[in-house]
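# Close look at the chain arrangement
Okay, here's what each chain looks like letter by letter:
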Amino acid sequence: FACSPPAPKTKKEDLFDREAELAELLEALKGDSRLILLVGMRRVGKTSLLKVALNELGRPHIYLDMRALRSYADVSFYELLSDGINEILPLHKRLLDHLKNVRGVAVSGFTISFDLKYSKPSILQLLKGVNQWAKEEGLALPIIFDEAQELRYFRGRVDIARLIAYSYDNLENVKFILTGSEVGLLYSTLNLFESSSPLYGRHRKLITLNRFDRDLSAKFLREGFKQKGLQVDDTLIEYVVDKLDGIVGWLAYVGAEIVSRVKKGGKVGTELVERAVEEAVELVEDEVKKLPKTHIMVLQCLADGAKRWSEIKTYLTMRAGRTFANPQLANILDRLMKLSMVGKENDRYFLLDNLLGEAARRVRGF
Ligand SMILES: Nc1ncnc2c1ncn2[C@@H]1O[C@H](COP(=O)(O)OP(=O)(O)OP(=O)(O)O)[C@@H](O)[C@H]1O
Ligand SMILES: [Mg+2]
C-alpha cells in the first residue's frame, strides 16, 4: 500500500490498519444511524475508508463526490445527482418506476436526466421516490456526500442541509453519510451547533479518523517497501516519518515516489528519500501559492510553532507593513481553519500539516 498509485483505496486488503474505524462505519451503515459524519483532516484516508466500507457492505448506494461540482450553481448539483443515480440504475431497474414521475426528471432507457428548462426539478420528490424504492427493497440506502464541505461554496437554490433534515425526519429508508474536515463540515457547512440550522439537534454518528502515530507510520512504510522487495534503512524511514507526521496520504505518496525512483534506477539512500519528500513539499507549495498573501504570511508565522492571536497579529503587521483590524485577522484564521490547514487549541493556532510550514517558508517574493 505504501507504494501503490495515489488514489483512494476500495478494497479491504489494500487498507492499512483502520480495522476499528472500518468496523464502526460498517456498523453505522448497517444500523439505524440516519446521519453519519466521517471527519478528519485532509489526506487522512476518509474517502478510502468510506469506499472500502461501501464495498464491504455490498449494497446499492448513491455516491456524490462534491469535489466534482463543476460550478457552484444548481445545474452542477443536478448533474452530480443524476450521475450518482444513473450509476445504480442499470442494476436496480425498479428504481426507475419511482423516479419517472418526479417533476423535472426525464427518463431515457435506464438513465435519468434533469430537465431544467421549464420547471425546477423536485429533489424532495426524487428523494421520496428513492426512499419508497428502498423501502420496497428492504434497504436503508446510503447517500454519500464525499467532501461535503465543498457545499459551503454552493450558491444554488437547492438547500441541501434542509433536504437532509427533511429526509432525516421523514424518510426512513435513506441515510446520509458526509465526509469532511471537522471544522469545515460540522461548523461551517452544516452549522450543526447553531439552533438556526435545519440539522440542529439531529442525532449524528460521528466517526473521526486520526493520523497514524510514529510506530504505525513506520510500519506502514516498512510493510509497503517489503511488498515491493525494497530494503530501506530504518534511519531513512524515521526521516520520512518525522517529516510527514502520520498523514497516511503523504506516507503513501512519498512511499510510492521512493519506489518509482528506485525502479528508474535510483539507489535507496538519503538523497533519493529527500527528493521524494521534496516532491510532496512542492505539491503543497503549489497549493499555498494560490492563497492571498496575508494568508501565506500567517502560515509562515505558524511555521515554527503554535502562536497566540496577539503574536500572529504582531507578525502580520510587521510583515505587511500595515495594521489589521481584529475581524480581518479573524477572517484569515477562519478561512485557514476551514481549509483544514490550521487548527486551534488552548488559544493557540497551529499548522495541521508539517509540510505546510516547509512549503510556506519557501514562498517568497512579497
Ligand atoms: N488505510 C490506508 N492504507 C493505505 N493507504 C491509504 C489508507 N488511507 C488512505 N490511503 C492512501 O492515502 C491517500 C489519501 O487517502 P484518501 O483520498 O482516502 O484521503 P482523504 O482523507 O479522503 O483525503 P482528501 O482530504 O484529499 O479527500 C490515497 O492515496 C490513499 O490510497
Ligand atoms: Mg477524500
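Here the residue numbers are simple positions, counted from 1 along each chain's written sequence. All chains are assigned letters beginning with A, and all ligands numbers beginning with 1, in the order in which they are written. Local features in this predicted model are restricted to residues of pLDDT 70 or higher, and side-chain atom pairs are both shown and tallied only at a pLDDT of 80 or more, whereas totals for entire chains, interfaces and linings draw on every residue. Processing note: side-chain calculations cover all non-hydrogen atoms of the structure and skip hydrogens and water entirely.

A four-donor tetrahedral metal ideally has 109.5 degree angles, and a six-donor octahedral metal ideally has angles of 90 or 180 degrees. Note on the magnesium ion (ligand 2): its protein donors are Thr47 (OG1) and Glu147 (OE). The metal-donor distances range over 2.0 to 2.2 Å. Highlighted residues: Thr47 in helix H2 (residues 46-57) and Glu147 in the loop between strand S5 (141-146) and helix H6 (160-170), separated in sequence by 100 residues. Each member of the pair, Thr47 as well as Glu147, is classed as buried. Donors, by definition, are the N, O and S atoms found within 2.8 Å of a metal, the threshold being 3.2 Å for Na, K and Ca, and water is not counted, so a site can look incomplete. Secondary structure elements follow DSSP: runs of H or I no shorter than four residues count as helices, runs of E no shorter than two count as strands, and numbering proceeds from the N terminus. Burial classes: relative accessible area under 20% of the type maximum marks a residue as buried, over 50% as exposed, and values in between as partly exposed (1.4 Å probe, protein chains only).

For two strands to be treated as a pair, DSSP must find no fewer than two bridges joining them. Read across the sheet, five strands follow the order S2-S5-S6-S1-S7 without closing on themselves; strand pairing throughout is parallel. In this open sheet, the two strands that pair with only one neighbour each are strand S2 (62-65) and strand S7 (205-208). When the angles between neighbouring strand axes are averaged without regard to direction, this sheet yields 15°. When S5 meets strand S6 (residues 174-180), the two strands line up parallel, connected through five bridges. Across the sheet, the residue bridging to Pro142 is Lys175, located in S6. Helix H1 (residues 19-30) rests against strand S1 (35-39), S5, S6 and S7 of the sheet, and its axis sits at about 160° to S7. Fitted lines through C-alpha atoms give the axes, limited to the stretch in contact for helices. The angle between two N-to-C directions lies from 0 to 180 degrees. Residue contacts are counted whenever heavy atoms from the two residues lie within 4.5 Å of one another.

To continue, consider the nonpolar core. What is meant by a nonpolar core is a set of buried Ala, Val, Leu, Ile, Met, Phe, Trp, Tyr and Cys residues, joined one to another through side-chain atoms within 4.5 Å. The biggest cluster of nonpolar side chains holds 76 residues, and the ones touching the most others in it are Ile258 and Leu299. If you tally residues by element for this core, the top one is helix H10 (residues 248-263), at nine residues. Beyond its immediate sequence surroundings of up to four residues, Ile258 is in contact with Phe225, Leu230, Val240, Leu272, Val273 and Ala276. In terms of nonpolar packing, the next biggest core, distinct from the first, is built from 50 residues, Leu69, Trp133, Leu151 and Ala165 among them.

Judged by pairing direction, the sheet is antiparallel, and its three strands sit side by side in the order S8-S10-S9 without closing on themselves. The sheet is open, and its two borders are formed by strand S8 (307-308) and strand S9 (342-345), each paired with just one other strand. Relative to strand S10 (residues 348-351), S8 is paired through two bridges, and the arrangement is antiparallel. Considered in S10, the bridge of Lys307 is made with Tyr349.

Before going further, it helps to examine the domain arrangement of the chain. You can read the domains of the chain as domain 1 (18-208), domain 2 (214-287) and domain 3 (291-362). A domain assignment, automatic or from a database, supplies the domain bounds used here. On a C-alpha basis, the centroid separation for the pair domain 1 and domain 2 is 36 Å. Counting residues at the interface gives six residues for domain 1 and five residues for domain 2. Taken together, both faces of the contact between domain 1 and domain 2 bury some 450 Å²; the carbon and sulfur share is 57%. Area buried by domain 1 at its contact with domain 2 is led by Met41, Arg42 and Arg43, which between them contribute 83% of it. Summed over both partners, the accessible area (1.4 Å probe) lost when two parts come together is defined as the buried area.

For the rest of this paragraph, the subject is the pattern of salt bridges. In what follows, salt bridge is the name for a side-chain nitrogen of Lys or Arg lying within 4 Å of a carboxyl oxygen of Asp or Glu. Applying the stated criterion across every chain, the model contains 23 salt bridges. Salt-bridge contacts for Glu358 lead to Lys243; the nearest nitrogen and oxygen are separated by 2.8 Å. Of this pair, Glu358 sits in helix H15 (residues 354-362) while Lys243 sits in helix H9 (residues 234-244); the two residues are 115 residues apart in sequence, bridging distant segments of the chain. Within the structure, one salt-bridge network assembled from shared partners comprises Lys243, Glu278, Glu358 and Arg362.

Right, let's talk about the packing of helix H11 (residues 270-289) against H15 for a bit. As a packed pair, H11 and H15 sit with axes 8 Å apart at the nearest point and diverge in direction by 65°. One finds that H11 runs roughly perpendicular with respect to H15. Crossing of H11 over H15 shows right-handed handedness. Along its contact with H11, which presents Glu278, Ala280, Val281, Val284, Glu285 and Val288, the element H15 presents Leu355, Leu356, Glu358, Ala359, Ala360 and Arg362. Gly is placed with the polar residues, together with every amino acid not listed as nonpolar (Ala, Val, Leu, Ile, Met, Phe, Trp, Tyr, Cys and Pro) or charged (Asp, Glu, Lys and Arg). The class makeup of the residues in the contact of H11 with H15 is eight nonpolar, no polar and four charged. Any angle between 65 and 115 degrees counts as roughly perpendicular, while under 35 counts as roughly parallel, over 145 as roughly antiparallel, and the rest as oblique. Throughout, a crossing is termed right-handed when the near helix is turned clockwise from the far one, and left-handed when it is turned anticlockwise from it by less than a right angle.

With that out of the way, let us pick up the site of ligand 1. As a matter of local geometry, ligand 1 sits amid 22 residues, with Ala7, Lys9, Thr47, Ser48 and Glu147 nearest to it. A 3.5 Å cut-off defines polar contacts: any pair of N or O atoms within that distance qualifies, except that in protein one atom must be a possible hydrogen donor and the other a possible acceptor, and neighbouring residues in sequence count only when both atoms are side-chain atoms. One nitrogen or oxygen atom from the side chain of Ser48 is found 2.6 Å from an oxygen atom belonging to ligand 1. Here an oxygen atom of ligand 1 and a side-chain polar atom of Arg67 are 3.2 Å apart. Looking at the shell around ligand 1, the elements that each hand over two or more residues are H2 and H10. For the shell around ligand 1, the element with the highest residue contribution is H2, accounting for three residues. Residue classes in the shell around ligand 1 are distributed as ten nonpolar, four polar and eight charged. A domain split of the shell around ligand 1 shows at least three residues from each of domain 1 (18-208) and domain 2 (214-287). Here, proximity means that at least one heavy atom of the residue falls within 4 Å of the molecule or strand.

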